[in-house]
Amino acid sequence: MFRPTKNPDLVEIKPDSLNLQILRDAYAGPAKVTLEAKHLRQIEQSHATVAKVLADGKTTYGINTGFGLLAQTKIASSQIEKLQKNLVLSHMAGVGKPLPDAIVRLVLVLKILSLSKGYSGVSTGLVEALGQLLEKGVYPCIPEKGSVGASGDLAPLAHLSGVLLGLGSVRFRGKEIPARDGLKAAGLKPLTLGPKEGLALLNGTQVSTALALGGLFEIEQVFCAGIVAGALSIDAAKGSDVPFDARIHDIRGQVGQTRVARALRDLLKGSAIRASHADCPRVQDPYSLRCQPQVMGACLDMIDHAAMVLLREAGAVSDNPLIFSETGEILSGGNFHAQPVAFAADILAIALAEIGSISERRTALLMDEKLSGLPAFLVSESGLNSGFMIAQVSAAALASENKQMASPASVDSIPTSANQEDHVSMATFAARRLLEMAENARGIIAIELLAATQGVDFHAPLKTSKGLSMVHTRIRDDVPFFDEDRPFTPDIEAVKTLISGSMFTQLVPDLSPKGAA
């Protein structure tokens, strides 16, 4: 699981200065959203526009009508509060385990940011109540399944909204408690929803986007560790650094490829192991060593693109209908359709599968004495000892799982709401699987790092480069040399913990997504 590079007491988020680093920090720890006077004014103007529509007796979707296929049914003014409450109650239909607190925290952040733009018609009191939940660390228990990613993340957001009514449960200081107790801890009482407020809470892509952002932040760490592992494997296998020559990559012009090649050159610079075989007769290395810039560079480009899309969506208004107070118009559209998030999550899933796939191939290469020149299965007295044999099997199993899960979710669609909502994005599942895939990839790369560290040990007294030696030493601080068979799982878990820290991202700082600035 992702761990922050810093651990502020409370991350302060301002709608007008949103960036990926702020969202990373909110994913990692407690946060609050600070609204300025202009944001409160925008919210109030939008709320007043809704009130005027009701006062004028106009029939307007989401304010005094039913929902979905029932949008033609007008609701009497005396029933509008009940309409909004019933909407929340009926949509609390999610299933599965509760989403992690880190994801729910992001959902609250994104929902507050969206409502603060002043296009949703809600009251300032509602936005402030969401802000209190966030700031006090009262996290609604949201079942992980039940959204098709249009019309918004309806069921998950209904469970979030139900807490404001005193329904459901929350997590507070690591314990699950009834929603009413959670509201009390936040200094709140159950709310009565006004016109449009239930719909504004339920419509939106915030759950899909929070899950995709969480996946992105996990992938960033896995990707950087994969680059470092690949460089260490080159030295373990006495591979060549010629394929990373800048001239090769410059004439192709692929940005990610060029960035990865530069990172590999920097990581390998000064390696005594590399210098020891500069004149060896081997002509070419296998693709898993030689083509790292091409494969990992393509992954980096996809991660960059996804980061850009998700940062846009994090600050977006994605409910319906939308209130344009300047003209008094209320327009129905489809910003709740999470297709951009679904596509972004799908390409992140494909990148994750490839990061793990090429890493597993390098582990297999290092164990093969014919390809690597190292002892069979990276252990002395192989036969008596099985060495890394089954660790590689675990890496292969995880890699294959990720390949299965990388099948695009966004190409699927299933009609809902009596065919009124006849095309959906499946963004929520597309994003949710990323957390499990990232955990799988973390295990694959941990196994490669152990294998590469073991391989480098066999080249002593020759040493790898300064940066890679630091990684080698840090791993050996937690995991001793594998001289004879022992349980492997504690070693893998120790290195997975290192991947979740900041060491690998700090070694290749230029590979952070460009959307981070």
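Scroll up to find the structure.
The rules behind these values
Residues numbered from 1 in each chain as written. Predicted model: local features only at pLDDT ≥ 70, side-chain atom pairs only at ≥ 80, totals over all residues. Heavy atoms only, no water. Helix = DSSP H or I, 4+ residues; strand = E, 2+ residues; numbered from the N terminus. Areas by Shrake-Rupley, 256 points an atom, 1.4 Å probe, with all protein chains shown as cover. Pairing = 2+ DSSP bridges. Axes fitted to C-alpha atoms, helices over the stretch in contact; angles between N-to-C directions. Contact = heavy atoms within 4.5 Å. Buried < 20%, exposed > 50% of the residue type's maximum accessible area, 1.4 Å probe, protein only. Salt bridge = Lys/Arg side-chain N within 4 Å of Asp/Glu carboxyl O. Patch = residues over 30% accessible without salt bridge, like charges linked within 9 Å, V, L, I, M, F, W, Y side chains within 5 Å.

Novice: Would you mind going over the overall build of the chain with me for this structure?
Specialist: In terms of helices and strands, the chain carries 21 helices and nine strands. Taken along its principal axes, the extent of the C-alpha atoms in the chain is 85 × 50 × 45 Å. Total accessible area on the chain is roughly 21000 Å²; 54% of this is exposed by carbon and sulfur atoms.

Novice: I'm lost on the sheet that holds strand β7 (residues 175-178) in this one. Help?
Specialist: By definition, the strands of a sheet pair up through backbone hydrogen bonds, in either a parallel or an antiparallel sense. Overall, antiparallel pairing links the three strands, which are arranged β4-β6-β7 in an open sheet. Strand pairing shows two members of the sheet lacking a second neighbour, β4 (138-140) and β7, which therefore form its edges. Each strand axis lies, on average, 40° off the axis of its neighbour in the sheet, ignoring direction. Alignment of strand β6 (residues 169-172) against β7, held across four bridges, turns out to be antiparallel. The residue of β7 that forms the bridge with Arg-171 is Glu-176. On the sheet, helix α4 (residues 101-115) packs against β4 and β6 and is oriented at approximately 90° with respect to β4.

Novice: Would you mind showing me how to read the side chain of Arg-433 here?
Specialist: With respect to the helices and strands, Arg-433 occurs in helix α18 (residues 427-457). Relative accessible area serves as the criterion here: at 3%, Arg-433 is assigned to the buried category. What Arg-433 contacts, discounting residues up to four positions off in sequence, is Ala-345, Asp-346, Ala-349, Met-405, Ala-406, Ser-407 and Ala-409.

Novice: Hey, could you run me through the pattern of salt bridges in this one?
Specialist: Pairing is possible between side chains that carry opposite charge, provided their charged atoms lie close to one another. For the structure on display, the rule yields 18 salt bridges. Close ionic contact of Arg-24 with Glu-220 constitutes a salt bridge, the shortest N to O distance being 2.7 Å. Remark: Glu-220 occurs in helix α9 (residues 206-236) and Arg-24 occurs in helix α1 (residues 20-28); sequence separation between them is 196 residues.

Novice: Just to check I follow, could you spell out a nonpolar patch on the surface for this structure?
Specialist: A contiguous nonpolar surface patch, about 250 Å² in accessible area, is contributed by Met-389, Ile-390 and Val-393. Relative to the helices and strands, Ile-390 is located in helix α17 (residues 389-405). By relative accessible area, which is 51% here, Ile-390 ends up exposed.

Novice: When you look at unusual backbone geometry in this model, what are you seeing that I'm missing?
Specialist: A negative phi angle is the norm for most residues apart from glycine, just as the trans form is the norm for most peptide bonds. Residue Ser-151 is bonded to the preceding Ala-150 through a cis peptide linkage, with omega at 0°. Inspection of the secondary structure puts Ser-151 in the loop between β5 (143-145) and α6 (154-164). Between Ala-460 and the following residue, Pro-461, the backbone shows a cis peptide bond with an omega angle of 10°. In this structure, Pro-461 sits in the loop between α18 and α19 (466-478). Positive phi values are uncommon outside glycine, yet Phe-377 reaches one of about 60°. Structurally, the position occupied by Phe-377 is in the loop between α16 (369-372) and α17. For Glu-381, which is not a glycine, the phi torsion comes out positive at approximately 55°.

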